[in-house]
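Below, each chain spelled out in residue letters.
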Amino acid sequence: MGLNLDDKKAVVAEVSAKVAQAQAIVLAEYRGLEVGDMTLLRAKARNSGVYLRVLKNTLARRAVTGTPFESLAEHMVGPLAYGISADPVAAAKVLNEFAKANERFVIKAGAMPGQVMTPKQVATLATTPSREELLAKLMGTMQAPIAMFVRTLNEVPSKLVRTLAAVRDQKQAA
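Residues numbered from 1 in each chain as written. Predicted model: local features only at pLDDT ≥ 70, side-chain atom pairs only at ≥ 80, totals over all residues. Heavy atoms only, no water.

A. Layout of the packing of helix α2 (residues 35-47) against helix α4 (residues 90-101). Interaxial distance between α2 and α4 falls to 10 Å at its minimum, and their mutual angle equals 150°. On the basis of their axis angle, the class for α2 and α4 is roughly antiparallel. Where α2 crosses over α4, the handedness of that crossing is right-handed. From α2, Asp37, Leu41, Lys44 and Ala45 reach across to α4, where they touch Val94, Leu95 and Phe98. (Axes fitted to C-alpha atoms, helices over the stretch in contact; angles between N-to-C directions. Helix = DSSP H or I, 4+ residues; strand = E, 2+ residues; numbered from the N terminus. Parallel < 35°, antiparallel > 145°, perpendicular 65-115°, else oblique. Left-handed = near helix turned anticlockwise from the far one by under 90°. Contact = heavy atoms within 4.5 Å.)

Here it is in structure tokens:
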């Protein structure tokens with residue numbers, strides 16, 4: 001049973017809200033995929049903060065109209081699952097990993113604001129570290145010189161204490 005006009009408007013509004021916050025959208029064809037596999041994909045997407053939805057392409061085109069993802073509309077053909085995420089890497093990572101495990105799930109295109117990506121570019125994006133990983137590496141790099149400085153400052157009193165202990169031990173032995 002199809003959606004009535006009010007339901008269609010609600011779907012477009014919901015997807016438009018997600019697209020407005022999105023940094024990446026990935027389109028994948030799911031033709032021939034079993035329901036259990038799709039349920040597993042939805043669970044993985046939900047855990048990664050990816051909004052995953054199967055939509056009618058006409059509704060998806062309306063949702064991206066007037067956004068930086070508008071150029072993605074020409075790739076919206078066939079039965080597609082839409083992965084939308086605020087983290088530019090999350091959607092690509094989740095859908096790419098799932099596509100590797102299921103040959104019937106094929107990534108068709110992707111987009112970042114103002115740029116459409118080929119399936120190969122989406123796979124490349126999926127291999128880049130996430131925002132959290134990059135921030136952790138940056139903090140580790142920024143913290144290393146400070147930690148080394150603190151260890152160096154701590155070494156002076158430690159060496160003094162060890163020297164005094166050695167002198168004390170030497171006097172007690174004599």
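After that view, the rundown keeps rolling.
B. Region of interest: the packing of aromatic side chains. Applying the stated rule across the entire model yields one aromatic pair. Ring plane angle 85° and centroid distance 5.0 Å describe the contact between Phe98 and Phe105, whose orientation is recorded as edge-to-face. With respect to class, Phe98 is no different from Phe105; both count as buried. (Phe/Tyr/Trp six-rings, centres within 6.5 Å; stacked < 30°, edge-to-face > 60°. Buried < 20%, exposed > 50% of the residue type's maximum accessible area, 1.4 Å probe, protein only.)

C. Representation of the nonpolar core within the structure. Among the nonpolar cores identified, the biggest contains 23 residues, and Val26, Leu41, Leu95, Phe105 and Ile107 are the most heavily contacted of them. For this core, the leading source of residues is α4, giving seven residues. Contacts of Ile107, omitting those with residues within four sequence positions, involve Val26, Leu27, Ala28, Leu95, Asn96, Ala99, Pro119 and Val122. With 21 residues, the next largest nonpolar core counts Leu59, Ala63, Phe69 and Leu80 among its residues. (Core = buried A, V, L, I, M, F, W, Y, C linked by side-chain atoms within 4.5 Å.)

D. Representation of a nonpolar patch on the surface in the model. A surface patch of nonpolar side chains, amounting to about 380 Å² of accessible area, comprises Leu135, Leu138, Met139 and Met142. Position of Leu138 relative to the elements: it lies in helix α6 (residues 131-173). For Leu138, a relative accessible area of 44% gives the class partly exposed. (Patch = residues over 30% accessible without salt bridge, like charges linked within 9 Å, V, L, I, M, F, W, Y side chains within 5 Å. Areas by Shrake-Rupley, 256 points an atom, 1.4 Å probe, with all protein chains shown as cover. Salt bridge = Lys/Arg side-chain N within 4 Å of Asp/Glu carboxyl O.)

E. How the structure looks around α4. End to end, α4 covers 17 Å across twelve residues, agreeing with the expected 16 Å (1.5 Å per residue, within 8%). Taken as a whole, α4 has its buried residues at Ala90, Ala91, Ala92, Val94, Leu95, Asn96, Phe98 and Ala99. Packing partners of the buried residues in α4 comprise β1 (24-29), α2, β2 (51-54), β3 (80-85), β4 (106-112) and α5 (119-127). (Expected span 1.5 Å × (residues − 1).)

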